[in-house]
Amino acid sequence: MKDENKIINFNVPPYVGKEIEYIKQAIENRQICGDGEFTKKCNQWLENRFNAKKVLLTSSCTSALDMAMMLCDIKPGDEVILPSYTFSSTATSAVLSGAKLVFVDIRPDTMNIDETKIEDAITDKTKAIIAVHYAGVACEMDTIMDIAKRYNLKVVEDAAQGVMSSYKGRALGTIGDFGCYSFHETKNYSMGEGGAIIINNPNYIEKAEILREKGTNRAKFFRGQVDKYTWVDFGDSYLPSDLNAAYLYAQLEQADLINESRLKNWNDYYNNLVELQNEGKITLPYIPKDCIHNAHMFYLKCKNLEERTKFISYMKENGIGAVFHYVPLHSAPAGIKFGRFNGEDVYTTSESEKIVRLPMYYGLEDAEVQKVCEKVKKYYR
Ligand SMILES: Cc1ncc(COP(=O)(O)O)c(C=O)c1O
């Protein structure tokens, strides 16, 4: 196929080269279940790199969020505050614990929860705030942590998209009580399906280990702290296979390479398209000064839904995968059933209808970014 006609996918799962070797090693280790050598290596790597107290790999970010809600001791009748502009996993974790969802509007600049509207949503039933770091760009965490402290609320960071991002020098996921990462194939670092929970308050480490290991104290047994392991509390099974962890470890070893490569693509997109923003035709992402982001996604905003629909079709006709996402949860059937929107929906619906994500993955070539930008410019001119 001629280069001009080559399809540019929206996402390609990351692959750096050593994945198969490490998976083979996991097989040769005769331990392909959870908490094998590669799981331990990943946990350690994440703890060291992000200065995190405790990291435990999980089978997904969704299961990490489920664990976080249980660790926050969310009970039926409690309320959890979150943005409506997010993936269903953020909300369903709270619903599983029996909570009522209270959706708060987003900021149009970062698409993150509007920290100035959180306090108004707090009632005597509120137990936790879930801060979703959209596109790997941090929420305004100082304000959120201050509110949580004043009202005695727990903070869970949904940092599914935020691995390798930071806020005021602190890694996303390590600021609230609990942080949750995703290593799904659409994320910067992947294990197919997988995630991690970060436990920032040491008082919750033992409970988290028990919850993750079917309610047993097996982690203590492996550390030699008890002579046999037993069922001690309620729990579930959130361990990923060591085969998946082996795939992930190959990428964590190359995390800087992946990060720099993505940032280069991101900056190229930005520099190429900023003239369209200056002409008032599109809006580009905004990165607040306290945030270092990980180039998880590159998006632009069209004027409205109609323009976006036409734009996505045009890109498809030109062999370019451009996608939108997040129909606001408060307008979805489950959102109506399990939650309420607090205050006015000024930006959630209107801004969500404008977003288009452009191809972004490790290995995306410079020429491909150029081609995407050319097509965007052609469309707008
Ligand atoms: C904000 C957010 N939270 C949670 C998730 C769920 O991640 P996982 O697929 O690892 O369960 C995603 C996945 O895209 C996400 O974008």
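Residues numbered from 1 in each chain as written. Predicted model: local features only at pLDDT ≥ 70, side-chain atom pairs only at ≥ 80, totals over all residues.

Enquirer: Talk me through the overall build of the chain; I want residue IDs and the actual numbers.
Expert: For the chain, the count of helices and strands is 13 helices and 13 strands. Radius of gyration (C-alpha) of the chain: 21 Å, near the 21 Å computed for a compact globule of 381 residues. Principal-axis analysis of the C-alpha atoms gives the chain an extent of 70 × 55 × 35 Å. Classification of the 381 residues of the chain by burial places 49% in the buried group. In the chain, the share of contacts with a sequence separation of at least 24, taken over all contacts with a separation of at least 6, comes to 69%. (Helix = DSSP H or I, 4+ residues; strand = E, 2+ residues; numbered from the N terminus. Rg over C-alpha atoms; globule rule 2.2 N^0.38 Å. Buried ≥ 20, exposed ≤ 12 C-beta atoms within 10 Å, placed from the backbone. Contact = placed C-beta atoms within 7 Å.)

Enquirer: Before we move on, can you summarise the domain arrangement of the chain with the specific residues and values?
Expert: In terms of domains, the chain is made up of domain 1 (19-253) and domain 2 (255-380). Each of domain 1 and domain 2 has a C-alpha centre, and the two are 25 Å apart. At the junction of the two partners, domain 1 supplies 37 residues and domain 2 supplies 34 residues. Elements represented by at least two residues in the side of domain 1 that touches domain 2 include exactly helix H4 (88-96), strand E3 (100-104), strand E6 (166-167) and helix H8 (242-253). Looking at the side of domain 1 that touches domain 2, its residues break down into 20 nonpolar, 11 polar and 6 charged. (Domains from an automatic or database assignment. Nonpolar A, V, L, I, M, F, W, Y, C, P; charged D, E, K, R; others polar.)

Enquirer: Describe the nonpolar core, with residues and values.
Expert: Here is a general trend for soluble globular proteins: nonpolar side chains tend to be buried in one another's company. Ranked by size, the top nonpolar core spans 110 residues in total, and within it Ala68, Val80, Ile129, Cys180 and Ile197 carry the most contacts. Looking at which domains feed residues into this core, each of domain 1 (19-253) and domain 2 (255-380) supplies at least three. Among all residues touching alanine 68, those that are not within four sequence positions of it are Ser93, Val156, Phe178, Cys180 and Ile197. (Core = buried A, V, L, I, M, F, W, Y, C linked by C-beta atoms within 7 Å.)

Enquirer: So, helix H13 (residues 366-380): which residues are in play, and what are the values?
Expert: Helix length check: H13, at 15 residues, gives a terminal C-alpha distance of 21 Å against a target of 21 Å (1.5 Å per residue), a fit within 8%. For H13, the set of buried residues is Val369, Val372, Lys375 and Val376. Seen end-on, H13 carries its buried residues on one side only, within an arc spanning 125°. Opposite the packed face of H13, turned more than 90 degrees from it, sit the exposed residues Asp366, Ala367, Glu374 and Lys378. (Expected span 1.5 Å × (residues − 1). Arc of directions from axis to C-beta.)

Enquirer: Could you give an account of the site of the ligand, naming the residues involved and the relevant values?
Expert: Ser60, Cys61, Thr62, Ala160 and Ser182 are the nearest of the 14 residues found near the ligand. Those elements that place two or more of their residues in the shell around the ligand are helix H3 (61-71) and H4. Considered class by class, the residues forming the shell around the ligand number 4 nonpolar, 9 polar and 1 charged. (Near = placed C-beta within 6 Å.)

Enquirer: Any chance you could break down unusual backbone geometry for me, citing the residues and the numbers?
Expert: Note: most residues except glycine have negative phi, and most peptide bonds are trans. One non-glycine residue, arginine 30, lies in positive phi territory at about 60°. Here arginine 30 falls in the exposed class, since 7 other C-beta atoms lie within 10 Å of it. Of note, lysine 214 is a non-glycine position whose phi angle comes to about 55°, a positive value.

Enquirer: For the environment of glycine 215, give the residues involved together with the corresponding values.
Expert: In this structure, glycine 215 sits in the loop between helix H6 (205-212) and helix H7 (218-222). Looking at glycine 215, the number of C-beta atoms within 10 Å reads 16, which means it is partly exposed. Remark: the alpha-carbon pair of glycine 215 and asparagine 29, spanning 186 residues in sequence, is separated by 26 Å.

Enquirer: Outline the sheet that holds E6, listing residues and values.
Expert: The sheet built from 3 strands is open, its strands ordered E7-E6-E10 with antiparallel pairing. Across the chains shown, the open sheet's two edge strands, defined by having one partner strand only, are strand E7 (170-171) and strand E10 (291-292). Bridge analysis of E6 against E7 gives 2 bridges, and the strand direction is antiparallel. Considered in E7, the bridge of tyrosine 167 is made with arginine 170. (Pairing = 2+ DSSP bridges.)

Enquirer: Can you explain the sheet that holds strand E8 (residues 178-182)? Please cite residues and give values.
Expert: Hydrogen bonding along the main chain pairs the strands of a sheet, whether they run parallel or antiparallel. Read from one edge of the open sheet, 8 strands run E1-E9-E8-E5-E4-E2-E3-E12, paired in mixed fashion. Of all strands in the sheet, those with a lone pairing partner are strand E1 (54-58) and strand E12 (339-341), marking the two edges. Sheet twist, expressed as the average angle between the axes of neighbouring strands with direction ignored, equals 20°. Pairing of strand E4 (residues 126-132) with strand E5 (residues 154-158), which is carried by 5 bridges, proceeds in the parallel orientation. (Axes fitted to C-alpha atoms, helices over the stretch in contact; angles between N-to-C directions.)

Enquirer: So what's going on with helix H2 (residues 37-50)? Residues and values would help.
Expert: For an α-helix, the turn length of 3.6 residues means that residues three or four places apart are oriented alike. With 14 residues, H2 extends 20 Å from end C-alpha to end C-alpha; this agrees with the ideal 20 Å at 1.5 Å per step. Where H2 is buried, its residues contact helix H1 (19-28), E1, E7, strand E9 (195-199) and H8. Directly after H2, the chain includes asparagine 51, whose backbone phi takes a positive value near 55°.

Enquirer: Could you give me a rundown of the packing of H3 against H4, with the residues and numbers involved?
Expert: Where H3 contacts H4, the axes come no closer than 8 Å and their chain directions differ by 40°. Crossing angle aside, the handedness with which H3 passes H4 is right-handed. Of H4, the residues touching H3 (which contributes Cys61, Thr62, Leu65, Asp66, Ala68 and Met69) are Ser89, Thr90, Ser93, Ala94 and Leu96. The residue inventory of the contact of H3 with H4, partitioned by class, reads 6 nonpolar, 4 polar and 1 charged. (Left-handed = near helix turned anticlockwise from the far one by under 90°.)

Enquirer: Describe the environment of tyrosine 151, with residues and values.
Expert: Among the secondary structure elements, tyrosine 151 is positioned in helix H5 (residues 141-151). A tally of 15 C-beta atoms within 10 Å means that tyrosine 151 is categorised as partly exposed. With near-sequence residues (within four places) excluded, tyrosine 151 lies in contact with Ile122 and Thr126.

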